[in-house]
Amino acid sequence: MANPITGKTVVVTGGSRGIGLGLVKKFLARDNLVIATSRKSSEATHLHELHKQYPEHLILTDLDTSTTSSITAWAQQIKQQKVTKHVDVLVNNAGVYGRRLNLPHFEDEDFLFAFRSNTMGPFFVIQELLKQELLGGSPEAPGGKTLIANVSSIVGSNTDPTVSAITKGGFPYRASKAALNVISTTLARDLAAQGIEVVALHPGYVKTDMTGGNGWIDVEESTTGLMAVMESEAPLNGRFMSYKGTEIPW
Ligand SMILES: NC(=O)c1ccc[n+]([C@@H]2O[C@H](COP(=O)([O-])OP(=O)(O)OC[C@H]3O[C@@H](n4cnc5c(N)ncnc54)[C@H](OP(=O)(O)O)[C@@H]3O)[C@@H](O)[C@H]2O)c1
């Protein structure tokens, strides 16, 4: 753990379950202030249990990343209610898979559904937090730095040799993650001068609701690996990293 993330402010979108919830637990265990989002925080039972344990360090917020008006309102709330002056780590984790269909059955709405949550959502979360001057160097945090971790997927890689062995089909999901990847590399270049690093992360094939409980690893193994990547001393900006710490080709 060369760069421990502790005593920082961390945002985790989609913190109510699965990999997001696992990351929230890891960040809390390291004494960070964690702003966790879910679509209906009043119904996020796991987060409410955690809040009893960490009342000063866990803030629950409502955010639907598929809706730009929700993202705008959420970012304004963080700023206006002075939840924090600066976000040190932003994990864009919220995501959806969508309908599992065979090739003849996709409709345009399947693509829009995936792109709204998996591609546009992370982009507009970053854009709105930037507008509120909460990321990187800002008047409130001169010299401030932010790590943005976009939770992508290896199936968004066009060249990884193992991908074809993992899944077939899944066109909307794959395309939405590939688009998130190109957004990540572009932002990595565009925002570097503002003290912002952007990395795309592959969490592994993880047993969560998204996979119907199927997977090669559990949330604990995935999030232990993801934390190690985010806390490593290796430069992360503009890279696509697996939870194992290995680089994934675009
Ligand atoms: N599991 C895997 O094998 C795997 C592999 C590669 C990549 N990933 C990626 O890892 C991330 C987490 O996946 P997971 O497996 O933990 O999935 P999950 O168990 O289905 O959890 C998804 C999370 O995203 C949130 N979410 C979904 N749609 C949202 C929206 N429109 N607005 C806000 N939050 C929304 C959910 O919140 P609510 O409680 O509000 O529904 C939930 O917290 C996703 O980006 C996924 O694509 C997963």
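On record in UniProt, under Sequence similarities (unreviewed entry), the comment for the protein is "Belongs to the short-chain dehydrogenases/reductases (SDR) family."

## A look at the nonpolar core
By size, the foremost hydrophobic cluster in this structure holds 31 residues, and its most contacted members are V24, F27, V91 and M230. Those elements giving two or more residues to this core turn out to be β1 (9-12), α1 (18-29), β2 (33-38), α2 (45-53), β4 (89-92), β5 (146-151), β6 (196-202) and α7 (219-230). Broken down by element, this core gets its largest block of residues, 6 residues, from α1. In contact with V24, not counting residues within four places along its chain, are V12, G15, V34, A36, L47, L50 and L58.

## Observations regarding a nonpolar patch on the surface
Nonpolar side chains collect at one region of the surface, where L103, F111 and F171 lie side by side and expose about 290 Å² of accessible area between them. When you line up the elements, F171 lands in helix α6 (residues 171-191). Residue classification places F171 among the partly exposed residues on the basis of a relative accessible area of 38%.

## Observations concerning the pairing of strand β3 (residues 58-62)
Moving residue by residue along a regular strand, the side chains alternate between the two faces of the sheet. Looking at chain direction, β2 and β3 are connected through 5 bridges and run parallel. Each bridged residue has a counterpart across the sheet, and for A36 the counterpart in β3 is L60. This β-α-β element, β2 to α2 to β3, shows right-handed connectivity.

Rules of the game
- Residues numbered from 1 in each chain as written.
- Predicted model: local features only at pLDDT ≥ 70, side-chain atom pairs only at ≥ 80, totals over all residues.
- Heavy atoms only, no water.
- UniProt positions renumbered as here; feature names shortened; annotations may be inferred.
- Core = buried A, V, L, I, M, F, W, Y, C linked by side-chain atoms within 4.5 Å.
- Buried < 20%, exposed > 50% of the residue type's maximum accessible area, 1.4 Å probe, protein only.
- Helix = DSSP H or I, 4+ residues; strand = E, 2+ residues; numbered from the N terminus.
- Contact = heavy atoms within 4.5 Å.
- Patch = residues over 30% accessible without salt bridge, like charges linked within 9 Å, V, L, I, M, F, W, Y side chains within 5 Å.
- Areas by Shrake-Rupley, 256 points an atom, 1.4 Å probe, with all protein chains shown as cover.
- Salt bridge = Lys/Arg side-chain N within 4 Å of Asp/Glu carboxyl O.
- Pairing = 2+ DSSP bridges.
- Right-handed = clockwise from strand over helix to strand, strands pointing away.

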